[in-house]
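# Summary of the model geometry
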Amino acid sequence: MRQTALQTDVIPDQTIFGIRAISSYFTFYKTVIPAKYWNELDFGLPQKESVVIKRLADWERPGGCLEHSKTNGKRGIMEALARIRQFLLQ
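Residues numbered from 1 in each chain as written. Predicted model: local features only at pLDDT ≥ 70, side-chain atom pairs only at ≥ 80, totals over all residues. Heavy atoms only, no water.

## So, the nonpolar core
- The biggest cluster of nonpolar side chains holds 6 residues, and these are Phe 26, Phe 28, Leu 66, Ile 77, Ala 80 and Ile 84.
- Taken together, the elements giving at least two residues each to this core come down to strand E2 (25-33) and helix H3 (71-89).
- Contacts of Ile 84, omitting those with residues within four sequence positions, involve Phe 17 and Phe 28.
- Ile 11, Ala 35, Tyr 37 and Trp 38 belong to the second largest nonpolar core, which has 5 residues in total. (Core = buried A, V, L, I, M, F, W, Y, C linked by side-chain atoms within 4.5 Å. Buried < 20%, exposed > 50% of the residue type's maximum accessible area, 1.4 Å probe, protein only. Helix = DSSP H or I, 4+ residues; strand = E, 2+ residues; numbered from the N terminus. Contact = heavy atoms within 4.5 Å.)

This is the structure in structure tokens:
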């Protein structure tokens, strides 16, 4: 991010995806780190800005997990990965 700022004088918002796999259970996460957070980070730990990590859970599962060993779980995992891919290709 700092190299981008040095080259363009602009720090963009950054979207980060995460995947947690425990045994056969998969959970997907997403966060957007705003440019204001990056700017405040230059002066130490941000005091005004914050980052919220959200669990991607539009499926009906306890805890928002998808279970790989079930057919619907496999489909849900592949759909979530496809949506993340589609987002990144835009």
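## Examining the confidence of the model for the chain
- For the chain, per-residue confidence averages 82 on the pLDDT scale, and residues scoring 70 or more make up 84% of the total.
- Predicted confidence in the chain is weakest over helix H1 (residues 2-8), with a mean pLDDT of 68, and strongest over strand E1 (residues 14-22), with 90. (pLDDT = per-residue confidence, 0-100.)

## Observations regarding the packing of aromatic side chains
- Counted under the stated rule, the structure contains 1 aromatic pair.
- Ring centres 5.3 Å apart and planes at 75° place the aromatic pair Phe 17 and Phe 87 in the edge-to-face group. In this pair, Phe 17 sits in strand E1 while Phe 87 sits in helix H3, placing the two residues 70 residues apart along the sequence.
- Here the guanidinium or amino end of Lys 30 rests over the ring plane of Phe 87, the centre of that ring lying 4.9 Å away. (Phe/Tyr/Trp six-rings, centres within 6.5 Å; stacked < 30°, edge-to-face > 60°. Lys NZ or Arg CZ within 6 Å of the ring centre and 35° of its normal.)

## Some remarks on the environment of Tyr 25
- Within the secondary structure layout, Tyr 25 lies in strand E2.
- Along the sequence, Tyr 25 and Ile 77 sit 52 residues apart, while their C-alpha atoms lie 9.7 Å from each other.
- Setting aside its immediate chain neighbours within four residues, Tyr 25 contacts Arg 20, Cys 65, Leu 66 and Glu 67.

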